[in-house]
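The residues making up each chain are set out below.
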Amino acid sequence: MAIKISDKVTWVGKIDWELRTFHGEEYSTHRGSSYNSYLIRDEKTVLIDTVWTPFAEEFVQNLKKEIDLNEIDYIVSNHAEVDHSGALPLLMKEIPHVPIYCTANGVKSLKGHYHQDWNFVEVKTGDELEIGKDNKLIFIEARMLHWPDSMFTYMTGENILFSNDAFGQHYASNKLFNDLVDQCELYQEAIKYYANILTPFSPLVTNKIKEVLSFNLPVDMIATSHGVIWRDNPAQIIEKYLEWADNYQENQITIVYETMWDATKKMAEAIAEGIREADKDVTVKLYNIGITDKNDMVTQLFKSKAILVGCSTVNKSIMSGTGALMAMVKGIGFKKKKAAAFGSYGWSGESVPMITEKLKEAKFEVVDDGLSLLWQPDDEGIEKCKEYGRQFVSKL
Ligand code: FEO
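Residues numbered from 1 in each chain as written. Predicted model: local features only at pLDDT ≥ 70, side-chain atom pairs only at ≥ 80, totals over all residues. Heavy atoms only, no water.

Chemist: For this particular structure, what's the right way to read the overall build of the protein chain?
Modeler: On a plain count of helices and strands, the protein chain comes out with twelve helices and 22 strands. For the protein chain, the spread of C-alpha atoms along the principal axes amounts to about 80 × 40 × 35 Å. Nonlocal contacts in the protein chain, meaning residues at least 24 apart in sequence, comprise 71% of its contacts between residues at least 6 apart. If you sum the accessible surface of the protein chain, you get close to 16,700 Å²; carbon and sulfur atoms cover 50% of it. Charge-centre separation for the protein chain: the mean point of 43 positive side chains lies 3 Å from the mean point of 58 negative side chains. (Helix = DSSP H or I, 4+ residues; strand = E, 2+ residues; numbered from the N terminus. Contact = heavy atoms within 4.5 Å. Areas by Shrake-Rupley, 256 points an atom, 1.4 Å probe, with all protein chains shown as cover. Lys, Arg positive; Asp, Glu negative; His and termini not counted. Charge placed at Lys NZ, Arg CZ, Asp CG, Glu CD.)

Chemist: Explain the pairing of strand E14 (residues 151–155) to me, please; I cannot follow it from the model alone.
Modeler: The side chains of a regular strand alternate between the sheet's two faces. Within E14, five of the five residues are buried, leaving the element largely enclosed by the surrounding structure. Covered by surrounding structure in E14 are Met151, Thr153 and Met155 together with Phe152 and Tyr154, the residues of both alternating faces. Pairing of strand E13 (residues 136–141) with E14, which is carried by five bridges, proceeds in the antiparallel orientation. Of the residues in E14, the one forming a bridge with Phe139 is Thr153. Judged from the three bridges that link them, E14 and strand E15 (residues 160–164) form a sheet pairing that is antiparallel. Its bridge partner lying in E15, Met155 is registered against Ile160. In sequence, E14 turns back onto E15 through a hairpin of four residues, with Gly157 there showing a positive phi of about 80°. (Buried < 20%, exposed > 50% of the residue type's maximum accessible area, 1.4 Å probe, protein only. Pairing = 2+ DSSP bridges.)

Chemist: Which parts of the structure should I look at to understand empty space enclosed by the protein?
Modeler: With a probe scaled to a water molecule rolled over the atoms, the places where space remains empty come into view. Scanning all chains against the criterion turns up one cavity of 30 Å³ or more. Size it by volume and the largest cavity reaches roughly 60 Å³. Together, Leu145, Phe152, Ala166, Phe167, Leu198, Val205, Lys208, Ile209 and Tyr241 line the largest cavity. Looking at the lining of the largest cavity element by element, the count peaks at three residues for helix H6 (residues 202–214). Each residue belonging to the lining of the largest cavity can be placed in one class, and the counts come to eight nonpolar, no polar and one charged. (1 Å grid on protein atoms, 1.4 Å probe; cavity = no way out; pocket = protein on both sides within 12 Å on 5 of 7 lines; lining within 4 Å. Points joined across faces, edges and corners; volume = space filled by probe spheres on them. Nonpolar A, V, L, I, M, F, W, Y, C, P; charged D, E, K, R; others polar.)

Chemist: Would you take a moment to explain the packing of helix H9 (residues 294–303) against helix H10 (residues 320–332) for this structure?
Modeler: Helices that pack against each other are described as a pair by the angle of their axes relative to one another and the distance between those axes. In the contact formed by H9 and H10, the axes pass within 11 Å of each other and the chain directions differ by 50°. By the angle class used here, H9 and H10 are oblique. The crossing of H9 and H10 is right-handed. From H9, Lys294, Asn295, Met297, Val298 and Leu301 reach across to H10, where they touch Leu325, Met328, Val329 and Ile332. Of the residues in the contact of H9 with H10, the class split is seven nonpolar, one polar and one charged. (Axes fitted to C-alpha atoms, helices over the stretch in contact; angles between N-to-C directions. Parallel < 35°, antiparallel > 145°, perpendicular 65-115°, else oblique. Left-handed = near helix turned anticlockwise from the far one by under 90°.)

Chemist: Whenever I open this one, the packing of aromatic side chains confuses me. Can you help?
Modeler: A ring pair, where both rings are aromatic, is described by two values, the distance of the centres and the angle of the planes. All told, the structure shown has 19 aromatic pairs when counted by the stated rule. On the basis of an interplanar angle of 55° and a centroid distance of 6.2 Å, the ring pair of Trp118 and Phe120 is categorised as tilted. Residue Trp118 is classed as buried on the basis of its relative accessible area, which comes to 10%. Linked through ring pairs, Phe167, Tyr194, Tyr241, Trp244, Tyr248, Phe302, Phe334 and Phe364 together constitute an aromatic cluster. (Phe/Tyr/Trp six-rings, centres within 6.5 Å; stacked < 30°, edge-to-face > 60°.)

That's the geometry; what it means functionally is another story.
Written out as structure tokens, the structure is:
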């Protein structure tokens, strides 16, 4: 199904309603996703990106209904990851000589993925491609947003920024445009995408947006490669990205914990009570690591000014979910967030010092040595946890 998004541009992508995980099992996609590909028909015909490999055949068949493939003059590959380049091998069998415009790193990535010597044309920031008497494409390298090869393509005349992954959301919708969808759903998916995928590159996000703004190009639409197109006030998502990239935090403390027989859970709830007693305004959220989606937790940690990580001690170590979450947040590299650890133990009690160490390795600002309690908390133990919560607030 092709959908015209402007006078000269048609969406020719794929909405993937069934997708529930992305990047293997690394990213949950509760609301599916889409792989947005765009066909520009001016004096020249240009295809911008394709779709993920499992949909290659469907994509090429649908494209043939829209256009004679031999009419395609240029292909632009803004990003080589397979969710955007996956249909290229099949497409290039039909039109093997059509030039593919991408960055130098794009050539390396595409060759690395497909081992084909296609007709690559390397482009750099500022390079232009004439596509009609009024319109041209301007390429803008967007290195590490979020791969080394990533690039934006700007179309003059219609003032469309094809931003690929940036500003995207894993969000399946038949509506296609930001003003037509539920705003809560849209922003939940946009912030989750930023928190989980772009946080490691936040300084580059800020610099790239400033660079693009310095070109003073009018932007009427941001056509992403996942989710909806920003056509209603596209500046809103640029402003959000600048906010999110600037060590974003809300007045929120998130407590994540993993528990075997609920002792650590009782500690978490008592600490939360102490926090609420000390600060009526702060939002406190609790998540059991063992039963909560990891990407949803990361999104909540992203929003937090401080976090508490609790875990029982097991086999002189921590539980597996907590270990995995700590590895994940270390990779993401949150900045300027306070943290501490807590947990219950039966005999050896290694969990709290181990989590404390992992929080430090992940560059959290650890405010104290944490709170360990032996066995199930009794009334005195619960009071200790509440007091710990009250004291935690005073250290922020
Ligand atoms: Fe949507 Fe980086 O691929």
